[in-house]
Amino acid sequence: MHETFILLWPEAEGVQSIVEAVEMMDGHILLSLPPYAAVALLSIERLDELRINPAVQLVSTEEIAGGTLEGASSATRMAVAAWNTHLARQLKVPEPAFEGLSWDAPGLLAPDPPPEIRGMLHRREQELLDNDG
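Residues numbered from 1 in each chain as written. Predicted model: local features only at pLDDT ≥ 70, side-chain atom pairs only at ≥ 80, totals over all residues. Heavy atoms only, no water.

What am I meant to see in the sheet that holds strand β1 (residues 2-8) here?
Note: strands within a sheet are paired through backbone hydrogen bonds, in either parallel or antiparallel orientation. Ordered in space as β2-β3-β1-β4, the 4 strands form an open sheet in which the pairing is antiparallel. Each edge of the open sheet carries a strand with a single partner, namely β2 (28-33) and β4 (56-60). The mean angle between the axes of side-by-side strands here comes to 20°, regardless of whether they run parallel or antiparallel. The strands touched by helix α3 (residues 74-91) within the sheet are β1, β2, β3 (37-42) and β4, with β1 carrying the most contacts at an inclination of about 170°. (Pairing = 2+ DSSP bridges. Helix = DSSP H or I, 4+ residues; strand = E, 2+ residues; numbered from the N terminus. Axes fitted to C-alpha atoms, helices over the stretch in contact; angles between N-to-C directions. Contact = heavy atoms within 4.5 Å.)

The structure is reproduced here in structure tokens:
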């Protein structure tokens, strides 16, 4: 299942028809952006079936280039911009929060030692306890 941006033609009678079409394809609407756009979770094999729907202008699982929608309404441009931003956030690799810090930096704890070292420390601890008693 893939997140899919669906843009309807302005002449389409709202997103309800596309909601029903997506559900008939065993997909799910994740977000409805009335009057002309929706984001759905769909099987990649069903995308061509959605593309031939007469109400559908565009189906995309990837970033949509700005020039693709020449003359589109501001609502459509905003929906496409939101989609592109959503994809960009998904593709961005998060930076590790503690990258470059020493393990003993304030607020951090030392890493766990390997199992064999933990065993050795436990045995040594036990020896010290046995010798004290």
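I'm lost on the environment of Ser-17 in this one. Help?
In this structure, Ser-17 sits in helix α1 (residues 16-24). Along the sequence, Ser-17 and Ile-52 sit 35 residues apart, while their C-alpha atoms lie 14 Å from each other.

Can you walk me through unusual backbone geometry in this structure?
Leave glycine aside and you will find that most residues have negative phi; peptide bonds, for their part, are mostly trans. Between Pro-34 and Pro-35 the backbone carries a cis peptide bond, its omega angle lying at 10°. Within the element layout of this structure, Pro-35 appears in the loop between β2 and β3. The phi dihedral of Asp-26 is positive, around 60°, even though this residue is not glycine. Owing to a relative accessible area of 58%, Asp-26 belongs among the exposed residues under this scheme. (Buried < 20%, exposed > 50% of the residue type's maximum accessible area, 1.4 Å probe, protein only.)

Looking at this model, I keep getting lost on the pairing of β1. Mind explaining?
One face of the sheet, then the other: side chains in a regular strand alternate in exactly this way. Counting buried positions along β1 gives 5 out of 7 residues, so the element sits mostly inside the fold. Taken together, the 4 bridges between β1 and β4 define a ladder with antiparallel strand orientation. What sits directly across from Phe-5, in β4, is Ser-60.

Is there a simple way to think about the packing of aromatic side chains in this case?
The relative placement of two aromatic rings is captured by the distance of their centres and the angle of their planes. Per the counting criterion, the structure on display carries 1 aromatic pair. Ring centres of Phe-5 and Trp-83 lie 5.7 Å apart, and the angle between their planes is 35°; on these two criteria the pair is classed as tilted. Placement of Phe-5 in strand β1 and of Trp-83 in helix α3 is noted, with a sequence separation of 78 residues between them. Accessibility expressed as a relative area gives 0% for Phe-5, which makes it buried. Trp-83 sits in the buried class, given a relative accessible area of 2%. (Phe/Tyr/Trp six-rings, centres within 6.5 Å; stacked < 30°, edge-to-face > 60°.)

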